[in-house]
Amino acid sequence: MEALQLPLPAQWIGPLWIGVQILLILLAGYLAQRFVARGLTRLGERYPFPPQLLMPLRGGLRWLIMGSAVIFVLERLGVSATVLWTALSGFVAVAAVAFFAMWSVLSNLLCAILIFTVGPFRLGDVVELVDTVDKPGVKGRVVAINLLYTTLIEAEEAGTGSAMVQVPNSLFFQRSVRRWRGTDVLPVGSGEK
């Protein structure tokens, strides 16, 4: 028995109908975001809303409308909304964890650039990170500045020898810093020779 074959144009009706639906969804999304943008513009003309408020609101609503249209398109193509939501929430969770994990590294990199450009201290200076007024912090001569750490050599203490301390660059912008310029000016009681 021979299988029933539809004529070629009849086979295209299903995909063509899905294509028309996708175009209608995208057109509706475009028109909706234009309508909302025009409404916000008129609202801004009628009431004294600052442009700094309207611009992000307009952009956020545009992304929301067009994102919803894309989700509707993907549903018409057979992708489940549950699968999309699961993938999106998983991606956001991983991105948030990665952002928090990289935050300290990025902070130190930015602070290194600030140290190099602004120059709050330089090689050879003696610096002290002050925790509180009555409690001394880390103190030493700056011997190296790299992208993550500033290396200090602490003063010798009662025959124990000097120690090298690597201080994260971001601490120099979070705490008060005492600084003595150059190699010939030494702080009182530093014990350096």
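Rules and cut-offs
Residues numbered from 1 in each chain as written. Predicted model: local features only at pLDDT ≥ 70, side-chain atom pairs only at ≥ 80, totals over all residues. Heavy atoms only, no water. Core = buried A, V, L, I, M, F, W, Y, C linked by side-chain atoms within 4.5 Å. Buried < 20%, exposed > 50% of the residue type's maximum accessible area, 1.4 Å probe, protein only. Contact = heavy atoms within 4.5 Å. Phe/Tyr/Trp six-rings, centres within 6.5 Å; stacked < 30°, edge-to-face > 60°. Helix = DSSP H or I, 4+ residues; strand = E, 2+ residues; numbered from the N terminus. Salt bridge = Lys/Arg side-chain N within 4 Å of Asp/Glu carboxyl O.

S.K.: Give a detailed account of the nonpolar core, specifying residues and quantitative values.
M.R.: Grouped together as the largest cluster of nonpolar side chains are nine residues: Ile115, Phe121, Val127, Leu129, Val142, Leu152, Val167, Leu171 and Phe172. Excluding residues that lie within four positions of it along the chain, Phe121 makes contacts with Ile115, Val127, Val142, Ile145, Thr150, Phe172, Arg179 and Arg181.

S.K.: Before we move on, could you go through the packing of aromatic side chains and cite the residues and values that matter?
M.R.: Taken as a whole, this structure holds three aromatic pairs when the rule is applied. A centroid spacing of 5.7 Å and a plane angle of 65° characterise the contact between Phe99 and Phe100, whose relative ring orientation is edge-to-face. A residue is classified by how much of its surface remains accessible, and Phe99, at 43% relative accessible area, is partly exposed. Using a relative accessible area of 63% as the deciding quantity, one classes Phe100 as exposed.

S.K.: Outline the side chain of Asn169, supporting the account with residue identities and numerical values.
M.R.: Here Asn169 is to be found in the loop between strand 4 (164–168) and strand 5 (176–180). Ignoring sequence-local partners within four residues, the contact set of Asn169 consists of Asn108, Cys111, Ala112, Ile115, Asn146, Leu147, Leu148, Tyr149 and Thr150.

S.K.: Let's hear about the pattern of salt bridges: which residues, and what values?
M.R.: Scanning all chains against the criterion turns up two salt bridges. Here Arg181 ties to Asp125 by a salt bridge, and the two come within 3.0 Å at their closest N and O atoms. Here Asp125 lies in the loop between helix 4 (81–118) and strand 1 (126–130) and Arg181 lies in the segment after strand 5, a separation of 56 residues in the sequence. For Arg181, a relative accessible area of 30% translates into the label partly exposed. For the salt bridge of Arg178 with Glu128, the shortest nitrogen-to-oxygen distance reads 3.1 Å. In this pair, Arg178 is assigned in strand 5 and Glu128 in strand 1, connecting sequence segments 50 residues apart. Residue classification places Glu128 among the buried residues on the basis of a relative accessible area of 7%.

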